[in-house]
Amino acid sequence: MCGPHPRRRRRQRYYQIREFQMASSADELESDDPEDEVELELDDPAPQSSKDAAALPERIYDINQADDDSKKANLVQLSISEEDAWWNQVPLENLDLSSNALSHISPKIENLLTLTVLQLHDNALVALPPEIGKLEKLVRLNLSHNKLSELPIELFSLPELRHLNISHNEFIELNPDISNLHMLEFLDAGNNNINSLPGGIGFLVRLTALLLGDNHIKELPPDIVYMRSLQKLDLMKNDLIALPEDMGLLRKLQCLYVQHNDIKELPGFEGNEALNELHASNNFIERVPKDLCANLPHLKILDLRDNKITQLPDEVCLLRNLNRLDVSNNSISVLPVTLASLAHLISLQVDGNPIKTIRRDILQCGTARILKTLQDRALAKGREDGGAEETACSSRSAAASQQQQQLPPNMTDKYKLRHTRTLAVNLENLTDVPSHVFELASAEKVHVVDFARNQLSALPPGLQHMSNLVTELVLAHNVIASVPTFISQFTRITFLNLSNNVIKDLPPEFGLLNTLRELNIANNRFEFLPNGLYELQGLEILVASDNHIKALNVAGLEGLPRLNTLDLRNNDIEYVPPILGNLTNITHLELVGNPFRQPRHQILMKGTDAIMSYLRDRIPT
């Protein structure tokens with residue numbers, strides 16, 4: 001039996017096209033052969049890196065129109081192959097014309113009314129036609145790396161536009177009408193020559209990311225703080241001299257980049273409790289406000305290198321979740337001993353400061369040695385004062401501690417629990433936590449629990465009161481030997497840190513944590529990865545370094561479809577199965593510090609891609 005006619009088959013595939021990519025040259029696109037026309041766009045897409053067309057063939061703008069053959073087809077023909085009918089074609093939704101040499105776009109772009117994504121980046125565009133405003137279904141528009149200095153006013157009426165990238169162009173200002181893009185969620189206008197932002201930009205209330213780096217902005221308009229959905233604000237490499245005092249109105253802000261400006265003073269950030277990262281290096285900042293330390297309980301990264309800071313306040317200890325503090329190249333002569341109370345601080349950079357109170361050889365030993373020195377001094381001072389030392393971290397709760405001497409006051413501080421949604425008690429030598437603490441935390445809707453760096457030998461039973469609330473649980477640096485079965489009741493947990501304990505195994509019920517995304521069991525006593533781990537369908541990051549794991553269960557790892565990071569450094573693995581290379585979902589693999597002979601150290605140092613390729617090449621055929 002004969003197959004379908006070749007031309008009919010190709011036309012059918014052509015109608016089903018949803019995405020079009022520019023071919024390698026205009027000559028290819030202007031082929032007169034109808035057979036070549038279809039083969040070009042569906043069977044032989046050219047690599048984007050070789051595209052260099054300077055103009056578009058007119059037929060692109062009519063790609064949604066039915067051809068003459070379809071229009072002339074009678075009912076008999078359609079009954080044989082209804083898929084050929086013009087009303088069954090799927091309209092173009094994604095048009096990628098990037099990395100060519102286009103200097104203009106035809107007004108006929110208005111014919112492509114079904115476009116939702118339009119990629120025009122890396123061309124030579126100097127202007128856009130007003131007709132682009134007719135693309136009312138457009139959601140994403142990328143115009144980066146062109147020569148644009150203005151946008152047609154019609155573009156600002158696009159009702160569905162959510163993602164706009166105009167970076168790396170020649171803009172000197174943003175049109176005030178940009179505030180009419182009410183659905184906009186992402187705006188990248190970096191690497192231009194913008195001097196100021198228009199008033200009214202604050203009306204972009206759905207914006208979650210605003211990227212304005214590498215411009216010449218001197219000040220921010222007052223209404224920028226009305227962007228209540230903003231999570232990421234990038235203002236690096238501008239000419240700012242200050243930040244708005246009411247930055248706290250950006251309550252959802254998580255990342256702020258203001259490095260390489262002319263800022264002399266930081267605000268107190270009252271209200272920015274969600275802020276995770278503050279990058280303010282290469283400015284003229286002279287001091288760290290005490291209020292900043294008190295108002296940013298979730299800050300994890302604070303980068304203040306290359307400023308004019310002369311001292312750090314004792315209140316820096318209030319940044320309880322700080323992971324990285326960089327104050328390199330300042331004028332700091334003394335480090336506060338309260339730094340030693342930061343339980344999660346893993347990177348402290350102080351190079352380039354005239355520190356005289358700590359020997360240079362200790363400073364050169366790195367974070368752990370510096371913090372140990374500061375902790376020893378804090379303990380010594382406490383003994384000299386008869387154990388009555390009162391630091392910035394303890395003085396605020398002295399009255400409460402007199403009422404409940406057995407418990408650190410922040411464990412029962414309702415106001416703090418309610419406003420931070422965090423129960424964090426570190427470096428208190430706790431051996432147990434009473435149930436009423438967890439009952440109180442549950443009543444205040446706390447979802448982050450952190451008891452790192454204590455002396456807990458087991459998970460407190462009262463933790464069960466929070467099983468339907470906790471999303472992050474940190475029990476690192478304790479002496480926990482086992483994990484109870486009630487851990488399976490934590491139905492919302494996404495992050496679990498059990499590192500630096502003495503755990504040898506996990507209960508089978510551990511596999512029921514289907515919301516878990518990141519698990520850290522480093523520095524324990526595991527000899528194998530527990531079977532329950534292989535049932536965690538949502539697991540993305542597994543850190544199991546510095547244990548005694550002897551073998552890899554690749555069959556088990558195959559059951560973790562979302563796993564992208566696997567850290568098995570410093571274990572006792574003697575053999576790496578080549579079939580591990582087939583787990584292409586793993587994009588970050590760490591195997592250094594194991595006794596296996598293959599892959600060799602040179603391969604391991606080349607990174608994950610080299611390791612996986614090496615392993616795949618050795619799979620028996």
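Up top is the structure these notes are about.
What is the right way to look at the state of the cysteines in this model?
In protein chemistry, a disulfide is the covalent bond that joins the sulfur atoms of two cysteines. In this structure the tally under the stated criterion is 0 disulfides. Its sulfur unpaired, Cys-293 is 8.0 Å from the next cysteine sulfur, which belongs to Cys-317. On the accessibility criterion, Cys-293 (0% relative accessible area) is buried.

I would appreciate a short explanation of helix α15 (residues 608-616) in the present structure.
Think of an α-helix as turning once every 3.6 residues; residues three or four places apart then point the same way. All of the buried residues along α15 are Thr-608, Ile-611, Met-612, Tyr-614 and Leu-615. Each buried residue of α15 lies within a common arc of 160 degrees when the element is viewed along its axis, so the set occupies one face. The inward-facing, buried residues of α15 contact β21 (588-590) and α14 (601-604).

What should I look at first to understand unusual backbone geometry in this one?
Excluding glycine, residues mostly have negative phi values, and the peptide bonds linking residues are mostly trans. A cis geometry characterises the amide bond from Gln-598 onward to Pro-599, with omega recorded as 0 degrees. Checked against the element boundaries, Pro-599 lands in the loop between β21 and α14. Backbone geometry at Asn-429 places phi at a positive 55 degrees, although glycine is not the residue there. Tracing the chain through its elements places Asn-429 in the loop between β14 (422-424) and α12 (435-443). Residue Asn-429 is classed as exposed on the basis of its relative accessible area, which comes to 57%. Although it is not a glycine, Asn-570 adopts a positive phi angle of roughly 55 degrees. Within the secondary structure, Asn-570 sits in the loop between β20 (565-567) and β21. On the accessibility criterion, Asn-570 (38% relative accessible area) is partly exposed.

I would appreciate a short explanation of the packing of aromatic side chains in the present structure.
The description of two aromatic rings rests on the distance between their centres and on the angle between their planes. This structure, assessed with the given rule, holds 2 aromatic pairs. Ring plane angle 65 degrees and centroid distance 6.0 Å describe the contact between Phe-438 and Phe-451, whose orientation is recorded as edge-to-face. Of this pair, Phe-438 sits in helix α12 while Phe-451 sits in the loop between β15 (448-450) and β16 (472-474), placing them 13 residues apart in sequence. A relative accessible area of 1% places Phe-451 in the buried class.

Looking at this structure, how should I read the pattern of salt bridges?
Here the idea is simple: oppositely charged side chains can pair when their charged atoms come close. Summed over all chains, the structure comprises 10 salt bridges. When the shortest N-O distance is used, the salt bridge between Lys-372 and Asp-376 registers 3.0 Å. With Lys-372 and Asp-376 both in helix α8 (residues 367-384) and 4 residues apart, this pair spans about one turn of that helix. A relative accessible area of 35% means that Asp-376 is categorised as partly exposed. One network of salt bridges, with partners in common, ties together Glu-160, Arg-162 and Glu-185.

Just checking my understanding: could you explain the sheet that holds β14 for this structure?
Note: strands within a sheet are paired through backbone hydrogen bonds, in either parallel or antiparallel orientation. Across the sheet, 8 strands lie side by side as β14-β15-β16-β17-β18-β19-β20-β21; this open sheet has parallel pairing. In this open sheet, the two strands that pair with only one neighbour each are β14 and β21. The sheet shows a mean angle of 5 degrees between the axes of neighbouring strands, taken without regard to direction. Bridge count for β20 against β21 is 3 bridges, and the pairing is parallel. Among the inter-strand pairings, Asp-567 is bridged to a residue of β21, identified as Glu-590.

Rules used in this analysis
- Residues numbered from 1 in each chain as written.
- Predicted model: local features only at pLDDT ≥ 70, side-chain atom pairs only at ≥ 80, totals over all residues.
- Heavy atoms only, no water.
- Disulfide = S-S within 2.5 Å.
- Buried < 20%, exposed > 50% of the residue type's maximum accessible area, 1.4 Å probe, protein only.
- Helix = DSSP H or I, 4+ residues; strand = E, 2+ residues; numbered from the N terminus.
- Arc of directions from axis to C-beta.
- Contact = heavy atoms within 4.5 Å.
- Phe/Tyr/Trp six-rings, centres within 6.5 Å; stacked < 30°, edge-to-face > 60°.
- Salt bridge = Lys/Arg side-chain N within 4 Å of Asp/Glu carboxyl O.
- Pairing = 2+ DSSP bridges.
- Axes fitted to C-alpha atoms, helices over the stretch in contact; angles between N-to-C directions.

The values are spatial; any link to function lies outside them.
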